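# Structural description and commentary
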Amino acid sequence: MSSPSLEDIVSLCKRRGFLYQGSEIYGGLAGTWDYGPLGVQLKRNMTELWWQHFVEERGDIYGIDSAILMNQKVWQASGHVATFTDPLVECKNCQSRFRADKIDMHHCPTCGQADPFDQPRQFNLMFKTHVGPVEDDSAVTYLRPETAQGMFVNFKNVVDSLYPDLPFGLAQIGRSFRNEISPRDFIFRSREFEIMELEYFVSPGEWEKYFELWRQQSWSWFDLLGLAKTKIKEVEVQETDRAHYSQRTIDFYYDFPSLGFDEIGGLAYRSDFDLKNHQKSSGKNLQYQPKDKADPFIPHVIEPTYGVGRNLMAVLADAYSEDEVSGEKRIYLKLPFDLAPVKVAVSPLLKNKPALVTRAREIYNDLKKSFGAVVWDDNGNIGKRYRRQDEIGTPYCVTIDFETVEGDGSVTLRSRDSTEQRRFQPDGLANQIH
Ligand SMILES: [Zn+2]
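The rules behind the values
Residues numbered from 1 in each chain as written. Predicted model: local features only at pLDDT ≥ 70, side-chain atom pairs only at ≥ 80, totals over all residues. Helix = DSSP H or I, 4+ residues; strand = E, 2+ residues; numbered from the N terminus. Buried ≥ 20, exposed ≤ 12 C-beta atoms within 10 Å, placed from the backbone. Contact = placed C-beta atoms within 7 Å. Pairing = 2+ DSSP bridges. Axes fitted to C-alpha atoms, helices over the stretch in contact; angles between N-to-C directions. Core = buried A, V, L, I, M, F, W, Y, C linked by C-beta atoms within 7 Å. Domains from an automatic or database assignment. Parallel < 35°, antiparallel > 145°, perpendicular 65-115°, else oblique. Nonpolar A, V, L, I, M, F, W, Y, C, P; charged D, E, K, R; others polar. Expected span 1.5 Å × (residues − 1). Arc of directions from axis to C-beta.

Attention now moves to the overall build of the protein. Looking only at helices and strands, one finds 13 helices and 21 strands in the protein. In terms of principal-axis extent, the alpha carbons of the protein reach across some 80 × 65 × 50 Å. Counting only residues that meet the buried cut, the protein has 35% of its 434 residues in that class. Counted over contacts in the protein with a minimum sequence separation of 6, partners at least 24 positions apart contribute 63%.

See below:
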C-alpha cells in the first residue's frame with residue numbers, strides 16, 4: 001500500500017470525531033485543537049498507559065499535579081523570562097511574521113519580496129497574564145510553558161512528606177502553553193498542548209547510568225504505543241542547540257507522513273541547574289539529606305519528556321493502514337488494544353428483528369460490564385458497520401444473527417486486522433477479546 005499523507009490522517013480525524021480545529025465555527029484560533037469523542041478517549045487511554053507504566057508499575061516515581069499558574073519568580077529563577085525566546089522577523093512589505101530560524105531570510109514566504117527582513121528580535125514564547133484585578137508588574141504571571149518547574153518547586157514538599165530514597169522521580173501530565181510564532185502541522189506544533197514528563201533525581205556521579213536507563217525506558221514506551229522501531233531514531237542534540245539548562249540531550253524522532261523525521265520526545269540531563277537556582281532564589285534549602293548521614297547535596301536530574309499530541313499523532317500515523325477487502329479499498333487503524341477508543345462494537349444483523357435486537361442488547365450489556373468502551377452499532381448494513389469500526393480502530397465486532405437466536409446460540413466475532421470471522425458462544429467471548 002502507499003503510505004498515507006498527513007492530510008489523510010487529518011481528514012480521518014475530523015470525519016470520525018478524533019480532532020477538530022479549535023473554535024472552528026468562528027474560523028478557528030491558530031494553534032489550537034479540540035479533541036472529539038474518540039480523540040479524547042484515545043488520549044486518555046494513552047496518558048493512562050503512560051501513568052501505569054512510569055508511575056504505578058514502579059516503586060520510585062511519585063505523581064504530582066501542580067497548578068498551571070505559578071509565582072512569576074519561578075520563571076525568573078528557571079531562566080524562562082530571560083531566555084525562553086525564538087527569533088522573530090517581520091516582512092517590511094506585507095508585515096507577515098516568521099521564526100527567523102525556520103525560513104530562508106532572503107525571501108518572504110508570504111509575498112515573495114526579496115530581502116524584506118531586519119535583524120531578528122527575541123520573542124518570549126510565554127503567554128503573559130495578570131493574577132487578580134490589578135494589572136501591575138507584581139501581578140504578572142505566565143501560563144506555564146512546561147510542566148517541569150511544577151515538579152522542581154515541589155521537590156522539598158515531596159521529600160518532607162514521603163522521604164524517598166534517592167534515586168527517585170516525580171511525574172506529571174498536564175497542559176502547557178507556548179505562544180509559537182508559527183504553529184504548524186496539525187497537532188505537531190500547537191500553542192496549547194500536553195506533556196507527559198518525569199524528573200528523576202540522582203546522585204551527581206550516577207547521571208550517566210540513569211540517563212542510559214531512561215533511554216531504554218523511552219524505547220519501551222514507544223513499543224507500548226505500537227510504533228515501529230524502524231520509524232524512530234535518536235538524535236544527539238549538539239551543545240549549541242541544547243536548552244539553556246541541559247548538559248546532554250537526546251531527542252527521539254518519528255518519521256511522520258509528509259513531514260519526515262521530527263521530535264516526539266526528549267531525554268535531557270538537566271544537572272542541578274533547576275534546584276540550585278530555586279534554592280538561590282527562594283532561600284529555601286533544597287538539598288537532599290542521605291539517610292546514612294552523609295553530607296547533604298543537591299541532586300542532579302534526568303528528564304524524559306513526551307508530547308501527548310505528538311505521541312498521539314505518531315500513534316495515528318503508525319496505525320493508519322489500507323488494504324483491499326472483497327475488491328474494495330479499506331482504511332483501518334491498527335491501534336494497540338490498550339489504546340483503541342472503542343474495544344468492541346455489538347450489532348444485531350438486522351435492526352428490525354426484535355429477537356435479534358433483544359439478544360444483542362443482552363450481549364452488549366454483558367460486554368460493557370467487562371470492557372467499558374463497548375458501543376452499539378445498528379446503522380446501515382453490516383459491511384458499512386465493519387468499515388466504520390475499522391476506521392476508528394475498533395479491534396472487534398460482535399454480530400448477533402439468526403444462528404444466535406434460532407440455532408446453537410453462537411455469535412460472530414470479527415477481527416479488525418485480519419477481517420476473519422469466527423463463531424463463539426457468548427459466554428466465551430470475553431476470553432477472545434484482548
Ligand atoms: Zn511579505
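Picking up where we left off.
Pairing is mixed across the open sheet formed by 5 strands, whose spatial order is β18-β17-β19-β20-β21. Two strands lie at the open edges of the sheet, namely β18 (374–376) and β21 (421–424), each paired on one side alone. With strand direction ignored, the average angle separating the axes of adjacent strands in the sheet is 25°. Across 5 bridges, the pairing between strand β17 (residues 344–348) and strand β19 (residues 396–400) is parallel. For V346, the partnering residue across the bridge sits in β19 and is V398.

Now for the environment of V342. Tracing the backbone through its elements, the reader meets V342 in the loop between β16 (328–333) and β17. For the pair V342 and F371, spaced 29 residues apart in sequence, the C-alpha separation works out to 9.2 Å.

Our focus in this paragraph is the pairing of β16. Successive side chains on a regular strand alternate, one facing one side of the sheet and the next facing the other. Alignment of strand β15 (residues 320–325) against β16, held across 6 bridges, turns out to be antiparallel. Looking across to β16, one finds that E322 is bridged to I331. What sits between β15 and β16 in their antiparallel hairpin is a turn of 2 residues, with S326 showing a positive phi close to 50°.

Another aspect to go through is the sheet that holds strand β6 (residues 121–124). The 3 strands lie next to each other as β5-β4-β6, forming an open sheet whose pairing is antiparallel. Looking at the sheet topology across the chains shown, the edges are occupied by β5 (97–99) and β6. Looking at each pair of strands side by side, their axes are set apart by 45° on average, direction ignored. Across 3 bridges, the pairing between strand β4 (residues 85–90) and β5 is antiparallel.

The next thing to look at is unusual backbone geometry. With an omega of -5°, the peptide bond running from L166 to P167 counts as cis. Phi angles above zero are rare outside glycine, and D185 is one such case at about 55°. One can find D185 in the loop between β9 (168–177) and β10 (192–202). Despite not being glycine, S326 has its phi angle at roughly 50°, a positive value. Its location among the elements puts S326 in the loop between β15 and β16.

Let us now look at the pairing of strand β13 (residues 260–271). Where strand β12 (residues 248–256) lies against β13, 9 bridges are found, and the strand directions are antiparallel. Bridging across to β13, I250 finds its partner in L267. Between β12 and the antiparallel strand that follows it, β13, lie 3 residues; S258 among them carries a positive phi value of about 70°. The pairing of β13 with strand β14 (residues 300–307) spans 6 bridges and is classified as antiparallel. Directly across from G266, in β14, lies its bridge partner T305.

One finds I302 and V346 to be the most contacted residues of the largest nonpolar core, which totals 89 residues. By residue number, the principal contributor to this core is helix α9 (residues 308–319), which donates 8 residues. A domain split of this core shows at least three residues from each of domain 1 (6–82 + 137–317) and domain 3 (342–432). If near-sequence neighbours (up to four positions away) are discounted, V346 is found in contact with A360, I363, Y364, L367, V374, W376 and V398.

The contact between helix α2 (residues 37–56) and α9 brings their axes to 11 Å, and the two run at 110°. As far as their axial angle goes, α9 and α2 are roughly perpendicular. Where α2 abuts α9, its residues L42, K43, M46 and T47 lie against V308, N311, L312 and V315. When grouped by side-chain class, the residues that make up the contact of α2 with α9 number 5 nonpolar, 2 polar and 1 charged.

Here α2 spans 26 Å end to end across 20 residues, near enough to the 28 Å set by a 1.5 Å rise per residue. Listed in full, the buried residues belonging to α2 are L38, G39, L42, K43, N45, M46, W50 and F54. Projection of α2 onto a plane perpendicular to its axis shows the buried side chains occupying an angular sector of 160°, all on one side.

Keep in mind these numbers describe shape, not what the thing actually does.
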